[in-house]
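Examination of the molecular architecture
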Amino acid sequence: MEGKWRVTVDNEKGAFYDNVGDVVFSPDSKRYAYAARRGDKSFIVLDGREQKKYLLVGAPKFSSDSKYLVYVAAKSKANCMVVVGSREEKEYPYVGHISLSAGGKHVAYEAAENDKCFVVFDGQESKRYESVGSIVFSPDSKQLAYAAKINNKWFLVVNGKEHGEKYDSFAEKGIVFSPDSKRMAYVVGAKDKWYVVIDGERSNPYKGIKAGSPVFSPDGKSVAYGAELANGKQVVVVDNKESKEYDSVWHIVYSPDSKRMAVRVKRGEKWLALVDGEEGKGYDNISIPVFSPNSRHLAYVAVEGDNRFMVVDGKEQGRYCGAVGNPVFSPDSNHLAYSVIQEGGGSFVVVDGVEQAKYGAVWAINFVSSDKLQWIAKKKDSLIIYLVTIDIK
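Residues numbered from 1 in each chain as written. Predicted model: local features only at pLDDT ≥ 70, side-chain atom pairs only at ≥ 80, totals over all residues. Heavy atoms only, no water.

Things to note about the overall build of the chain
Per the secondary structure count, the chain includes 0 helices and 46 strands. For the chain, the C-alpha atoms occupy an extent of roughly 65 × 60 × 35 Å along the three principal directions. In the chain, which comprises 393 residues, the share counted as buried stands at 45%. Relative to all contacts within the chain whose residues are 6 or more apart in sequence, the contacts with residues 24 or more apart total 26%. Working note: accessible area of the chain is about 20400 Å², and carbon and sulfur atoms make up 49% of it. Here the chain carries 55 positive and 51 negative side-chain charges, and the mean point of each set is 2 Å from the other. (Helix = DSSP H or I, 4+ residues; strand = E, 2+ residues; numbered from the N terminus. Buried < 20%, exposed > 50% of the residue type's maximum accessible area, 1.4 Å probe, protein only. Contact = heavy atoms within 4.5 Å. Areas by Shrake-Rupley, 256 points an atom, 1.4 Å probe, with all protein chains shown as cover. Lys, Arg positive; Asp, Glu negative; His and termini not counted. Charge placed at Lys NZ, Arg CZ, Asp CG, Glu CD.)

Let's talk about a negative patch on the surface
A contiguous patch of negative charge on the surface is contributed by Asp140, Asp180, Asp219 and Asp257. One can find Asp257 in the loop between strand E30 (248-254) and strand E31 (261-267). For Asp257, a relative accessible area of 35% puts it in the partly exposed group. (Patch = residues over 30% accessible without salt bridge, like charges linked within 9 Å, V, L, I, M, F, W, Y side chains within 5 Å. Salt bridge = Lys/Arg side-chain N within 4 Å of Asp/Glu carboxyl O.)

Some details on the packing of aromatic side chains
Scanning the entire structure with this criterion turns up 10 aromatic pairs. Aromatic side chains Tyr32 and Tyr34 sit 6.5 Å apart centroid to centroid with 10° between the ring planes, which places their arrangement in the stacked category. Among the residues examined, Tyr34 registers a relative accessible area of 2% and is labelled buried. Taking the centre distance of 6.2 Å and the plane angle of 75° together, the rings of Tyr206 and Tyr225 count as edge-to-face. Highlighted residues: Tyr206 in the loop between strand E24 (201-202) and strand E25 (208-209) and Tyr225 in strand E27 (residues 223-228), separated in sequence by 19 residues. Pair check on accessibility: Tyr206 and Tyr225 agree, each one buried. Put simply, the rings of Phe25, Tyr32 and Tyr34 touch in pairs and so form one group of aromatic residues. A cation over a ring is seen here: Arg128 above Phe118, with NZ or CZ 3.8 Å from the ring centre. (Phe/Tyr/Trp six-rings, centres within 6.5 Å; stacked < 30°, edge-to-face > 60°. Lys NZ or Arg CZ within 6 Å of the ring centre and 35° of its normal.)

Quick word on the side chain of Ser258
Here Ser258 is to be found in the loop between E30 and E31. Among all residues touching Ser258, those that are not within four sequence positions of it are Ser217, Pro218 and Asp219.

Considering the pattern of salt bridges
What the rule picks out here adds up to 26 salt bridges. The partner of Asp18 in a salt bridge is Lys4, and the shortest N-O contact between them spans 2.3 Å. With Asp18 in the loop between strand E2 (12-13) and strand E3 (19-20) and Lys4 in the segment before strand E1 (8-9), the pair connects residues that are 14 residues apart, well separated along the chain. Taking the relative accessible area as the measure of exposure, Asp18 reaches 31% and is therefore partly exposed. For Lys4, a relative accessible area of 34% gives the class partly exposed. Across the pair Asp168 and Lys153 runs a salt bridge whose closest N-O atoms are separated by 2.4 Å. In this pair, Asp168 sits in the loop between strand E20 (161-167) and strand E21 (169-177) while Lys153 sits in strand E19 (residues 153-158), placing the two residues 15 residues apart along the sequence. For Asp168, a relative accessible area of 30% puts it in the partly exposed group. Each member of the salt-bridge network shares a partner with another, and the members are Lys90, Glu113, Glu125 and Arg128.

Considering the pairing of strand E22 (residues 184-190)
Among the 7 residues in E22, 6 count as buried, and that is most of the element. Looking at chain direction, E21 and E22 are connected through 5 bridges and run antiparallel. The residue bridging Phe177 from the neighbouring strand is Met184, located in E22. Linkage of E21 to E22, two consecutive antiparallel strands, is achieved through a turn of 6 residues, within which Ser181 is found at a positive phi near 70°. (Pairing = 2+ DSSP bridges.)

Quick notes on the pairing of strand E46 (residues 385-391)
Within a regular strand, the side chains alternate between the two sheet faces. Examined bridge by bridge, strand E45 (residues 372-378) and E46 share 7 bridges and lie antiparallel to one another. Residue pairing across strands places Lys378 opposite Ile385, the latter belonging to E46. Adjacent in sequence and paired antiparallel, E45 and E46 are bridged by 6 residues, among which Asp381 carries a positive phi angle near 60°.

Considering the environment of Thr8
Relative to the helices and strands, Thr8 is located in strand E1. Through-space distance from the C-alpha of Thr8 to that of Gly48 is 9.5 Å; in sequence the pair is 40 residues apart.

Some remarks on the sheet that holds strand E33 (residues 278-279)
Strand order in the open sheet formed by 4 strands is E30-E31-E32-E33, and the pairing between neighbours is antiparallel. Each edge of the sheet is formed by a strand with only one pairing partner; in this case those strands are E30 and E33. Pairing analysis gives 6 bridges linking E31 to strand E32 (residues 270-275), with the strands arranged antiparallel. Paired with Val265 across the two strands is Leu272, which belongs to E32.

Structure, rendered in structure tokens:
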């Protein structure tokens, strides 16, 4: 139908609508949802079924266990509300920054009315503030933390209790819990300095703290972040110890066993992987490093001129003119696979350095087990999609 939109999932064609939003899949990949509009009504389509009609709806979000769906909806232009499943929360002039606890048992969000902001947690309103932000649950769902502002000063609030010193700034999405929920870190600013506060202790002052920082190790015992010094150089700070200086620091990655670390850093015009404190070879660019499940191996894509290739444990593997996909390790860490898109056309998968059959396109590489690999492929000038499965010896 001309001028209409519809969503197709696994060859199941949805209804036509005047407009549709982005499709969101649940974490277990078994459910999907999107916002749609027909005439003057908007609604969420969940697993192909239209939900309650509203004047406006926002983008949907699934809980981590895929059981619950949450979104913002408005019955009028004056107010809006949060909808959790089929349950409608109280209406306010503004709601936003929705946070769901693990499993979706608790919901918290920012609301505003009468020129004051507050956090609504499971239907209960917090104290009124000038502003609130960075609303986040701990992984065990027992703690709710957020930033709040009074008299132009920001501070931390945990389970309704105000903590710590007050600051001029509080970084957006700056609150981070350790995976075991026992530790917390957040980023704040005072005058022209920025700090990381870890377990209540403030770091040295820095010119800036890198986005995506701080990062806790999987076991929660170590914490790292990227920081900018007064001279413009940047360092990796691990458990309050600074690395040597670099021109740029990005993407801090801990190994699954928490014993190793890889960081993407830049010196001059070259990017390199800083692995366990040791510098790798410099390249025009590198991807975010990926550790194997057993933490013994590390792989990343490197760019050198027109060439792209995989670097595995410091050794270069093949060279291609085109695009090289991210590395995928087998569950037992003994095998590595990735895709290659050739500049002149055609794609294939590389397994343990061996090129497989060529197709027009390949994607969705997945180890079904440690000795069985699958990917989706399509031949050139064909609409037929294949599921390719190989056994790895």
